[in-house]
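# Survey of secondary and tertiary structure
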Amino acid sequence: MDLKEYIASIEGFPKEGIIFRDVTGLLANADAFRYACDQLADFARRLQADVIVAPESRGFLFGAPVACQLGIGFVPVRKPGKLPRKTISCSYDLEYGSNVLEMHVDSILPGQRVVIIDDLLATGGTVEASVKMIRELKGEPVGCAFIIELEDLHGREVLSDLEVLSLLTYEGE
Ligand SMILES: O=P(O)(O)OC[C@H]1O[C@H](OP(=O)(O)OP(=O)(O)O)[C@H](O)[C@@H]1O
Ligand SMILES: Nc1ncnc2[nH]cnc12
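Residues numbered from 1 in each chain as written. Chains lettered and ligands numbered in written order. Predicted model: local features only at pLDDT ≥ 70, side-chain atom pairs only at ≥ 80, totals over all residues. Heavy atoms only, no water.

The subject of this paragraph is the overall build of the chain. Counting its secondary structure elements, the chain contains 4 helices and 9 strands. The order of helices and strands in the chain, counted from the N terminus, is β-β-α-α-β-α-β-β-β-β-α-β-β. Relative to the 2.2 N^0.38 estimate, which gives 16 Å for 173 residues, the radius of gyration of the chain is 15 Å and therefore close to what a compact globule would have. For the chain, buried positions account for 47% of its 173 residues. Within the chain, counting contacts between residues at least 6 apart in sequence, those at least 24 apart form 58% of the total. When the accessible surface of the chain is summed, it comes to about 8,300 Å², and 48% of that surface belongs to carbon and sulfur atoms. (Helix = DSSP H or I, 4+ residues; strand = E, 2+ residues; numbered from the N terminus. Rg over C-alpha atoms; globule rule 2.2 N^0.38 Å. Buried < 20%, exposed > 50% of the residue type's maximum accessible area, 1.4 Å probe, protein only. Contact = heavy atoms within 4.5 Å. Areas by Shrake-Rupley, 256 points an atom, 1.4 Å probe, with all protein chains shown as cover.)

Lining the immediate surroundings of ligand 1 are 16 residues, of which Ser57, Asp118, Asp119, Thr123 and Thr126 lie closest. Between an oxygen atom of ligand 1 and a side-chain N or O atom of Thr123, the distance comes to 2.5 Å. Taking 500 Å² as the accessible area of ligand 1 by itself, protein coverage stands at 90%. When contributions to the shell around ligand 1 are tallied by element, the ones reaching two or more residues are strand E7 (113-121) and helix H4 (125-136). Among the elements that make up the shell around ligand 1, the one with the highest residue count is E7 (4 residues). Of the residues belonging to the shell around ligand 1, the class tally is 5 nonpolar, 5 polar and 6 charged. (Near = heavy atom within 4 Å. Polar contact = N/O pair within 3.5 Å; in protein donor to acceptor, adjacent residues only side chain to side chain. Nonpolar A, V, L, I, M, F, W, Y, C, P; charged D, E, K, R; others polar.)

This part takes up the nonpolar core. If you look at the biggest cluster of nonpolar residues, it comprises 30 residues, and the most contacted ones within it are Val115 and Ile148. Broken down by secondary-structure element, the contributors of at least two residues to this core are helix H2 (30-46), helix H3 (58-70), E7, strand E8 (140-150) and strand E9 (163-170). For this core, the element with the highest residue contribution is H2, accounting for 7 residues. Those residues in contact with Val115 that sit more than four places away from it in its chain are Phe43, Ala44, Leu47, Ala49, Val51, Ile52, Val53, Val142 and Gly143. Core analysis: the second largest hydrophobic core is formed by 24 residues, Leu101, Ile108, Cys144 and Phe146 among them. (Core = buried A, V, L, I, M, F, W, Y, C linked by side-chain atoms within 4.5 Å.)

Looking now at the packing of H2 against H3. For any two helices packed against each other, the geometry comes down to the angle between their axes and how far apart the axes lie. Closest axis-to-axis distance for the H2/H3 pair is 9 Å, and the angle between their directions is 65°. When you trace H2 past H3, the crossing you get is right-handed. Contacts between H2 and H3 involve Phe33, Cys37, Asp38, Leu40, Ala41, Ala44 and Arg45 on the former and, on the latter, Leu61, Phe62, Pro65, Val66, Gln69 and Leu70. Taken together, the residues of the contact of H2 with H3 break down into 10 nonpolar, 1 polar and 2 charged. (Axes fitted to C-alpha atoms, helices over the stretch in contact; angles between N-to-C directions. Left-handed = near helix turned anticlockwise from the far one by under 90°.)

This next bit is on H2. Compared with the 24 Å implied by 1.5 Å per residue over 17 residues, the 24 Å span of H2 between its first and last C-alpha is a close match. Within the span of H2, buried status applies to Ala32, Ala36, Cys37, Leu40, Ala41, Phe43 and Ala44. Around the axis of H2, the buried residues are gathered within 165° of arc, so they sit on the same side. Relative to its buried face, H2 has exposed residues pointing more than 90 degrees away, namely Ala30, Asp31, Arg34 and Arg46. As for H2, its buried residues are in contact with helix H1 (24-28), strand E3 (51-55), H3, E7, E8 and E9. For H2, the N-terminal cap is Asn29; the gap from its side-chain oxygen to the backbone nitrogen of Asp31 is 3.1 Å. In the segment just after H2, Gln48 is the residue with positive phi, at about 55°. (Expected span 1.5 Å × (residues − 1). Arc of directions from axis to C-beta.)

To continue, consider the pairing of E3. E3 sits mainly inside the fold: 5 of its 5 residues count as buried. Side chains of E3 alternate between two faces, with Val51, Val53 and Pro55 and Ile52 and Ala54 buried alike. Pairing of E3 with strand E4 (residues 73-77), which is carried by 5 bridges, proceeds in the parallel orientation. Along E4, the bridge assignment pairs Val53 with Val75. (Pairing = 2+ DSSP bridges.)

Next up, the structure:
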């Protein structure tokens, strides 16, 4: 299946110079969504993931169904002030801004094998921040999987010690 057919590219969103790669068309097509989740789940299964971690908000759209399909837990990485219990946090830069992410301190058990899932890899800042927090909680990040990788932003380079899967790649911003 050619998943690229379901990705719209919007020039100048959310600001000048950015081409936004939009996964909502993929989500809206049952066959494409199922196919994408199956690929991500196969990867996490092969890496013997104990838990799936995904960043707010688009990561949730893929991470949660994959965890459910594999019969393992799902842990959200959230933007500040959203998680009600004790958290750890990490700040990071985005292609179009900067942000802080948080996780509950008890969300990962020591030694758990973690696969991180998100819709898109750009600079890698989001996943790098997630990896730092997972390691701080004594989990073992083993891989990360994306629907889309923006190759020109070299996010893969900051994830050099993890297995990385992307279902689609784009050149150019
Ligand atoms: O590799 P990076 O440079 O870190 O960029 C990738 C991240 O940027 C987007 O999320 P965004 O922060 O825009 O939030 P959203 O999912 O709530 O739209 C995307 O969903 C990834 O999580
Ligand atoms: N170009 C882009 N399209 C969609 N989401 C993004 N997150 C960071 N860069 C992005």
